[in-house]
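Structure at a glance
Here are the chains, one letter per residue:
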Amino acid sequence: MSVLHIRIIGDPVLREKGEVVEEIDDNILQLAKDMIDTMHNANGLGLAAHQVGVAKRLIVLNLKDIGVGKKDMVLINPEVVYSEGSDISEEGCLSIPGLYTKLERPYYIEVEAEEIKLSNKKRKKVRIKAEDLYARALLHEIDHINGILFIDRLDDMKRRILLAKWRREHPEYSK
Ligand SMILES: [Zn+2]
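Below you will find a few notes about this structure. (Residues numbered from 1 in each chain as written. Predicted model: local features only at pLDDT ≥ 70, side-chain atom pairs only at ≥ 80, totals over all residues.)

A separate point is helix α3 (residues 132–145). Between the first and last C-alpha of α3 there are 21 Å, a value that for 14 residues agrees with the 20 Å anticipated at 1.5 Å per step. Of all 14 residues making up α3, eleven are buried, and the element is well covered by its neighbours. Inspection of α3 places Y134, A135, R136, A137, L138, L139, H140, E141, I142, H144 and I145 among the buried residues, and these make up the whole buried set. Once α3 ends, the next one or two residues include G147, with phi positive near 80°. (Helix = DSSP H or I, 4+ residues; strand = E, 2+ residues; numbered from the N terminus. Expected span 1.5 Å × (residues − 1). Buried ≥ 20, exposed ≤ 12 C-beta atoms within 10 Å, placed from the backbone.)

As structure tokens, this is what we get:
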């Protein structure tokens, strides 16, 4: 088990557009395993490779805690291909620890990706239909691999106020 260091807002890697993952080599498999360990260690619902310093289009999701499965899911190159409806719920991010705010997202989405099974290294094209928290978690992680943080989706004024408050309360994360 390897828990990796989670990058915090201000780290430039969080703003990079992720590279497409072409080949599933040992490095990618190890990265995915370590990301799963890191996600569980931080009690997260999901984690994107950017958050451990790697700008690649790779995300992991904690399906058990999201309430839609038993296992963890590893996806490469996920793309949102359909979205519908609207939902406003509280959201947070392991890269801005302790900042939670209500954010509007689509309620239902469909995502095309490739799922990687770590047990046998198989990859398979999938089209995921997700609603509610599952959709939110996918959208949040897909934002990360495009260099977007959830607070970017708030209006300017609200984002500035929340970040200023967060920085005051968490001087340990300031550079
Ligand atoms: Zn996040």
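Further notes follow.
Counting residues in each nonpolar core, the largest one holds 39 residues, and the members touching the most others are A32, M35, A49, L58, I59, V60 and L138. Looking at this core, the elements with two or more residues in it are α1 (26–41), β1 (46–48), β2 (58–62), β3 (72–84), β6 (108–116), β7 (123–131) and α3. Top contributing element to this core by residue count: α3, with seven residues. Not counting residues within four places of it along the chain, the set of residues in contact with M35 comprises L47, A49, V52 and V60. (Core = buried A, V, L, I, M, F, W, Y, C linked by C-beta atoms within 7 Å. Contact = placed C-beta atoms within 7 Å.)

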